[in-house]
Amino acid sequence: MPLLFVLGCIFFPLSFAVLCWALQNHSNLRMEKQEAVLVASKLVSSVQAVMASTAGYIVSTSCKHIIDDQHWLSSAYTQFAVPYFIYDIYAMFLCHWHKHQVKGHGGDEGSTRAPGSTWAVARGYLHKEFLMVLHHAVMVLVCFPLSVVWRQGKGDFFLGCLLMAEVSTPFVCLGKILIQYKQQHTLLHKVNGALMLLSFLCCRVLLFPYLYWAYGRHAGLPLLAVPLALPVHVNLGAALLLAPQLYWFFLICRGACRLFRPRGSRPPSPCQTQD
C-alpha cells in the first residue's frame with residue numbers, strides 16, 4: 001500500500017507539471033500560463049478517469065459473485081488513485097487563481113498584491129468549488145478507509161462499478177476546455193455535450209439504481225425491496241454519494257437547454273438561468 005500511494009503522489013503532480021511545461025513551450029502551442037494550467041489539469045483528470053474506468057470495468061466484469069469475488073485491481077487502483085483527489089484540489093485552486101488573475105482582480109504577476117488578496121482568492125475558490133472540494137475530501141477521508149478496511153475484501157464488483165462512474169469525466173473536461181476557448185457554438189461542443197449528458201446519466205445517476213438491482217438479483221429480491229433489506233448506513237452512504245451527482249446532472253441539463261436552444265429564441269421557463 002505505501003508504495004502505490006507514493007507512486008500516486010508522484011504520478012499525478014508530475015504529469016501536471018510536465019504537461020504545463022509542454023503546453024507552454026511546444027513550438028506549435030505556446031500557451032499562456034493560465035491556459036496551460038487549465039488544459040493540463042483537465043488532461044490529468046481525463047487520464048485518471050480513463051485509468052479508473054478501465055480498472056473498474058476489469059474488476060466488475062471479472063467478479064461473477066458480486067459479494068465474495070475479489071480482484072487485485074480493486075484495492076491496488078484505489079490506493080494509487082487517492083493522491084489524485086488531493087492533487088486535484090490544488091490543481092482546481094491553481095485554475096481558479098489564474099482565472100482570477102486574467103480577470104484583472106489580482107494585478108500582474110510581478111506586482112505587489114494587497115494584504116489578504118491571496119486569502120480572498122482562496123475564499124472565492126472554496127465558495128465556488130465547495131461541493132467539489134467536499135466531494136474530494138470525502139473520497140480521501142471516508143471512502144478510501146471504508147473501501148480498504150471496512151469492506152474486508154467483500155464487494156469488489158460494486159467498487160468496480162463505482163470506478164466506472166469516471167467514464168463521464170473526459171467529456172466534462174473537454175467541455176470546460178472548449179468553453180475556455182469560446183467554442184460553445186461548434187459542432188464538437190454540441191456532440192461532446194450530448195455524450196457528456198448521456199454518460200453522466202448512465203454512469204453516475206442510473207449507476208445507483210443498477211447497483212441496487214444487481215444486489216436484488218443476487219439476493220432474490222425485487223428492486224423496491226432492496227433498500228429495506230440493507231443496513232441503514234449503506235442506504236445513507238448511497239444517498240450521500242448520489243446527491244451531488246443529481247445536482248451536477250441538473251447543472252448539465254440546464255447547460256444542455258442553453259446549448260441546444262436555437263439562437264435568438266426565448267428560453268422556456270425551466271431552462272431560464274442566470275449567468
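See the structure printed just above.
Here goes a summary of the coordinates provided. Computed from a predicted structure; not experimentally measured.

Turning next to the overall build of the protein chain. From N to C terminus, the protein chain includes 11 helices and zero strands. The N-to-C order of helical and strand elements in the protein chain reads α-α-α-α-α-α-α-α-α-α-α. Here the protein chain, with 275 residues, has 39% of them falling under the buried criterion. The long-range share in the protein chain, meaning contacts at least 24 apart out of those at least 6 apart in sequence, stands at 75%. Split by element, the accessible area of the protein chain, about 16,100 Å² in all, is 68% carbon and sulfur.

Time to look at the pattern of salt bridges. This model, assessed by the stated rule, comprises three salt bridges. Asp68 is the salt-bridge partner of Lys154, the closest N and O atoms lying 2.9 Å from each other. Taken together, the residues Lys154 in the loop between helix 5 (130–150) and helix 6 (156–163) and Asp68 in the loop between helix 2 (33–62) and helix 3 (72–102) connect sequence positions 86 residues apart. We classify Lys154 as partly exposed; its relative accessible area is 43%. When the shortest N-O distance is used, the salt bridge between Asp156 and Arg151 registers 2.7 Å. For the pair formed by Asp156 and Arg151, the shared burial category is buried.

Turning to the environment of Ala17, a few remarks are in order. Its location among the elements puts Ala17 in helix 1 (residues 2–25). The spacing of Ala17 and Ala40 is 23 residues in sequence and 8.0 Å in space, taken between C-alpha atoms.

By the secondary structure assignment, Cys203 is in helix 8 (residues 187–205). The spatial distance from the C-alpha of Cys203 to the C-alpha of Met164 is 6.7 Å, given a sequence separation of 39 residues. In contact with Cys203, not counting residues within four places along its chain, are Met164, Ala165 and Val167.

Let us now look at the packing of helix 7 (residues 169–180) against helix 8. Following both chains from N to C, one finds helix 7 and helix 8 inclined at 150 degrees, their axes separated by 8 Å at the closest point. Judged on the interaxial angle alone, helix 8 and helix 7 are roughly antiparallel. Where helix 7 crosses over helix 8, the handedness of that crossing is left-handed. Residues Thr169, Phe171, Val172, Leu174, Gly175, Leu178 and Ile179 of helix 7 form the contact with helix 8, whose participating residues are Leu188, His189, Asn192, Leu195, Met196, Ser199 and Arg204. Looking at side-chain class alone, the contact of helix 7 with helix 8 contains eight nonpolar, five polar and one charged residues.

Once that is clear, we can look at helix 9 (residues 207–219). Helix length check: helix 9 (13 residues) gives 18 Å between terminal C-alpha atoms against 18 Å at 1.5 Å per residue, within 8%. Burial in helix 9 covers these residues: Leu207, Phe208, Leu211, Tyr212, Ala214 and Gly216.

Analysis parameters
- Along each chain, residues carry numbers from 1 onward, in the same order as the chain's sequence is written.
- The predicted nature of this model means local features are confined to residues of pLDDT at least 70 and side-chain atom pairs, given and counted, to a pLDDT of 80 or more, with totals for whole chains, interfaces and linings taken over all residues.
- The basis for the side-chain values is all heavy atoms of the structure; hydrogens and waters are excluded.
- In DSSP terms, a helix is any run of H or I states spanning at least four residues, a strand is any run of E spanning at least two, and both are numbered starting from the N terminus.
- When accessible area is computed with a 1.4 Å probe and restricted to protein chains, residues below 20% of their type maximum are described as buried, those above 50% as exposed, and intermediate ones as partly exposed.
- Should any heavy atoms of two residues lie within 4.5 Å, those residues are counted as being in contact.
- Accessible areas in this description were obtained via Shrake-Rupley with a 1.4 Å probe; residue shielding takes into account the shown protein chains only.
- Throughout this description, the term salt bridge denotes a Lys or Arg side-chain nitrogen within 4 Å of a carboxyl oxygen of Asp or Glu.
- Only the contacting stretch of a helix is used when fitting its axis, a line to C-alpha atoms as for every element, and angles between N-to-C directions run 0 to 180 degrees.
- If an angle is under 35 degrees, it is roughly parallel; if it is over 145, roughly antiparallel; if it lies from 65 to 115, roughly perpendicular; otherwise it is oblique.
- Each crossing gets its hand from how the near helix is turned against the far one by less than a right angle, where anticlockwise is left-handed and clockwise is right-handed.
- Classification convention: Asp, Glu, Lys, Arg as charged; Ala, Val, Leu, Ile, Met, Phe, Trp, Tyr, Cys, Pro as nonpolar; all other residues, Gly among them, as polar.
- Here a helix's expected span is defined as the number of its residues, less one, multiplied by 1.5 Å.

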